[in-house]
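A look at the structure
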Amino acid sequence: MRKENAGFRTAFLSEEGSKLLNRDYFAFVELDKFACYVAADSLDEEKTQNSAEIVVKCILREFSEHPAMSAMSIKRNLRKAHKELLSDKAGMRLRASVSLIVTDYVKFRYVNVGNSRALLIRNDRILYESKDQSLTENMVEAEMLPKDKAAAHEERNNLYSYLGQIDARPQFQVSGKKKLANGDILLLATRGTWENLSNAQLLECAKEVSTPLELADNVEELILGRLKPEIDNYTIAVTFVDKIYLNPKKRWSVKKILAIVIPIIVILLILFIGLYVRYRIREGKRSDMEQYIESAEEYVSYNNYEKAAEDYRAAQELAKSLKAKDDQEKIGTYILLLEQIMQADGVMSDEDYEKALELYESAEKLAKESGGIGLEYIKEQKEKIADYIELFELLESAEQKEDYGDYAGAIELYKKAKTLAASLYDKDSRSEALEKQRLAEETLESLRQEELKALEERIQKAIEDEQVAQELENQNLMNDKKNAMELESKGNDLMKSEDYLSAITYFETAMTMYEDLGMEERVETLASQIESCKKLEEEAKKKAAEEAEKQSKEAAAAKEASQAAEAARQAVQDLKEAQTNQALEDAKKAAEEAKKAAEEAKKAAEENNKPDQSEDKDDAGENPDGGGGDKDSAGGGDGS
């Protein structure tokens, strides 16, 4: 009586499109208690067999024999159709996509295998819709592709499940039972339909239609109006639910009462069990929280703040789940303190001691507010930082002393730094201080050796310089003595040749040199010789004066000789000042020239004293030696 007391109207269209054959298939059966609507789409290219038809007929046959809308029954019918495709006509690869709707005129289920679709339209919107078993649908669900782009996507027919599949068992998508309402529209569509119009267009086609066929015609008109060069087989099946079946009222039965009471009892029992379990869970969480806190405190006593922080965080999570605000705040303070200590430890490991000291001071304030947790450790770390700062200051000061060359002072500071590093158990700093101390000691020892070597060289050089100076002094004394003796000998020669003025010059120069040499005996002897020369020179001058008139040329020659002697004396004086062998040679040459000039003057004088044998006495002044009668033009040496 269900069918007669319900109002269901069905119409469909199934066409070949631009293909030669229509390989879609739709059929339905409406029984007294159940109805089944099936649409299928052949996925193969076999010309002699229509896979869609085989599937639809098999499902409806099985459904008619065993009408039901349970998921198990529906899956059994689908498996029958799947086996029939595999067993029918050996050698053919028959494959099909299928969608179906099963209803008891009150509720319905929709089932899908492949990419045919089942939909329900209510109040101008699609309330339920099956999902394709394709790569495109997977991309839509993963939000890699918009839903409105799926109909044109190239992978829309790339299926991972369908009837006739031989590499795996097909997956049946069976919905739960859905309640029907008066005015609902049930639709089944193959891919040739849905890939040529969107859901929005489908809803537009369903507006203000009075019959299922009118809606189907609207869909077909829209598909054909697109004027695509190729249109696949398309099928659209429409069922209008004008009226659902309503059960007549019945008396309360024991079964109905139990059906109401038992769920209530079950709910109450579940509620009681849930409350009890919740209570036990809360007690367990509180116990776990306390254990985490105890464990964290124990880790703190061992200064293992990382593990302590982990346990406090676990305890904090439990406190949050228990909504224990006081415990959360307390544990949060502990976590903040431990994180501050760990951050300070990390900065200290990076050797940023000033920043670490600031963090430890902040941690110290938190520790005092938290009951003194970690306070001793913080104080120890601050003291260690002070020691490290002192250590680095010692190393820096030692390096500065090295730069200034104070290696002894640097070594003392390195020793202090080494001792301080050992107390800090800092092997690297201790090794650094020890190595720098060794290098400084080596440098200091090297400098000491260099200074000793330089001192020895200076002493040796002083000794050698003194010896050289003494040798030079002795050599100079010998040279002076030799020069003085030569001058004295030259003076004696000049004295013998009666050149007294030149002799005096040589004697005076020699006497001066003897005085410098401290030879007093020779000084006295030369002084006596000089006096004798002076006396003889006076006598000669007197004699020359007497004969001046007669011996004008001789006087002139004598003057020239005197000038030459003066030049010789000047040369000897230059020799004394220069005190070099070259000057002495120059003096000797000057003396010889003076002697030569004197001899020439003497010869000229002798020639002047001879009787004049020339015819003219007025020309007697002209002699072959060029003596000249003019006083100012008397010949002589150049004195150089």
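Residues numbered from 1 in each chain as written. Predicted model: local features only at pLDDT ≥ 70, side-chain atom pairs only at ≥ 80, totals over all residues. Heavy atoms only, no water.

Quick look at the overall build of the protein chain now. A count of helical and extended segments in the protein chain gives 17 helices and eleven strands. Of all 640 residues assigned to the protein chain, the portion counted as buried reaches 39%. For the protein chain, restricting intrachain contacts to residue pairs at least 6 apart in sequence, the fraction spanning at least 24 positions comes to 66%. A total of about 37900 Å² of accessible surface is found on the protein chain, and carbon and sulfur atoms cover 49% of it. (Helix = DSSP H or I, 4+ residues; strand = E, 2+ residues; numbered from the N terminus. Buried < 20%, exposed > 50% of the residue type's maximum accessible area, 1.4 Å probe, protein only. Contact = heavy atoms within 4.5 Å. Areas by Shrake-Rupley, 256 points an atom, 1.4 Å probe, with all protein chains shown as cover.)

Judged by nonpolar contacts, the single largest core of 49 residues is most densely connected at Tyr312, Ile331 and Leu391. Counting only elements with at least two residues in this core, the list comes to helix H7 (254-301), helix H8 (305-321), helix H9 (325-349), helix H10 (353-369), helix H11 (375-404), helix H12 (407-423) and helix H13 (427-496). Setting aside anything within four residues of it in sequence, one finds Ile331 in contact with Met289, Ile293, Tyr312, Ala315, Gln316 and Ala319. Within the second largest apolar cluster, 28 residues are counted, among which are Ala27, Phe34, Leu100 and Val113. (Core = buried A, V, L, I, M, F, W, Y, C linked by side-chain atoms within 4.5 Å.)

Centre distance and the angle of the planes are the two values used to describe a pair of aromatic rings. Applying the stated criterion across every chain, the model contains six aromatic pairs. Pairing Phe8 with Tyr105 gives two aromatic rings, centres 5.1 Å apart and planes at 90°, and the pair type is edge-to-face. With Phe8 in strand E1 (residues 7-15) and Tyr105 in the loop between strand E4 (96-103) and strand E5 (107-113), the pair connects residues that are 97 residues apart, well separated along the chain. Neither Phe8 nor Tyr105 differs from the other in exposure class; each is buried. Of the aromatic side chains, those joined through ring pairs into one cluster are Phe12, Phe26, Phe28 and Tyr37. (Phe/Tyr/Trp six-rings, centres within 6.5 Å; stacked < 30°, edge-to-face > 60°.)

Within the fold, Asp345 resides in helix H9. At 3.0 Å, the side chain of Asp345 forms a polar contact with the side chain of Tyr377. Setting aside residues up to four positions removed in sequence, Asp345 forms contacts with Tyr305, Tyr360, Tyr377 and Gln381. (Polar contact = N/O pair within 3.5 Å; in protein donor to acceptor, adjacent residues only side chain to side chain.)

If you walk across this open sheet you meet the five strands as E1-E11-E10-E6-E7, and the pairing is antiparallel. Strand pairing shows two members of the sheet lacking a second neighbour, E1 and strand E7 (125-129), which therefore form its edges. Across the sheet, the axes of successive neighbouring strands diverge by a mean angle of 20°, strand direction being ignored. Pairing of strand E6 (residues 117-122) with strand E10 (residues 184-189), which is carried by five bridges, proceeds in the antiparallel orientation. (Pairing = 2+ DSSP bridges. Axes fitted to C-alpha atoms, helices over the stretch in contact; angles between N-to-C directions.)

Evaluation of the coordinates by the stated rule reveals 16 salt bridges. Notably, a salt bridge pairs Glu53 with Lys57, separated by 2.6 Å at the nearest N-O pair. In this pair, Glu53 and Lys57 both sit in helix H1 (residues 51-65), four residues apart, roughly one turn of the helix. Overall, Glu53 belongs to the partly exposed group, its relative accessible area being 26%. By relative accessible area, which is 42% here, Lys57 ends up partly exposed. (Salt bridge = Lys/Arg side-chain N within 4 Å of Asp/Glu carboxyl O.)

Under the defined criterion, the tally for this structure stands at five cavities of 30 Å³ or more. Here the largest cavity defines a volume of roughly 100 Å³. If you go around the largest cavity, you meet 13 residues; those closest to its centre are Leu119, Ala189, Trp194, Leu197 and Leu202. Mapped onto the lining of the largest cavity, the elements with two or more residues apiece are E6, E10, helix H4 (191-194) and helix H5 (199-206). If one sorts the elements of the lining of the largest cavity by residue count, E10 sits on top with three residues. Per-class residue counts for the lining of the largest cavity are eight nonpolar, three polar and two charged. (1 Å grid on protein atoms, 1.4 Å probe; cavity = no way out; pocket = protein on both sides within 12 Å on 5 of 7 lines; lining within 4 Å. Points joined across faces, edges and corners; volume = space filled by probe spheres on them. Nonpolar A, V, L, I, M, F, W, Y, C, P; charged D, E, K, R; others polar.)

What follows is about the packing of helix H14 (residues 500-517) against helix H15 (residues 520-546). Axis separation between H14 and H15 bottoms out at 9 Å; the angle between their running directions is 165°. With respect to H15, the element H14 is oriented roughly antiparallel. Crossing geometry of H14 relative to H15 is assigned as left-handed. Where H14 approaches H15, its residues Tyr500, Leu501, Ala503, Ile504, Phe507, Glu508, Ala510, Met511, Tyr514 and Glu515 are matched on the opposing element by Arg522, Val523, Leu526, Ala527, Gln529, Ile530, Cys533, Lys534, Leu536, Glu537 and Ala540. Grouping the constituent residues of the contact of H14 with H15 by class yields 15 nonpolar, one polar and five charged. (Parallel < 35°, antiparallel > 145°, perpendicular 65-115°, else oblique. Left-handed = near helix turned anticlockwise from the far one by under 90°.)

Looking now at the confidence of the model for the protein chain. The predicted model of the protein chain averages 80 in pLDDT, with 85% of residues at 70 or higher. Under a pLDDT of 50 for its full length, residues 612-640 has, in the predicted model, 35 contacts with residues more than four places off or in other chains. (pLDDT = per-residue confidence, 0-100.)

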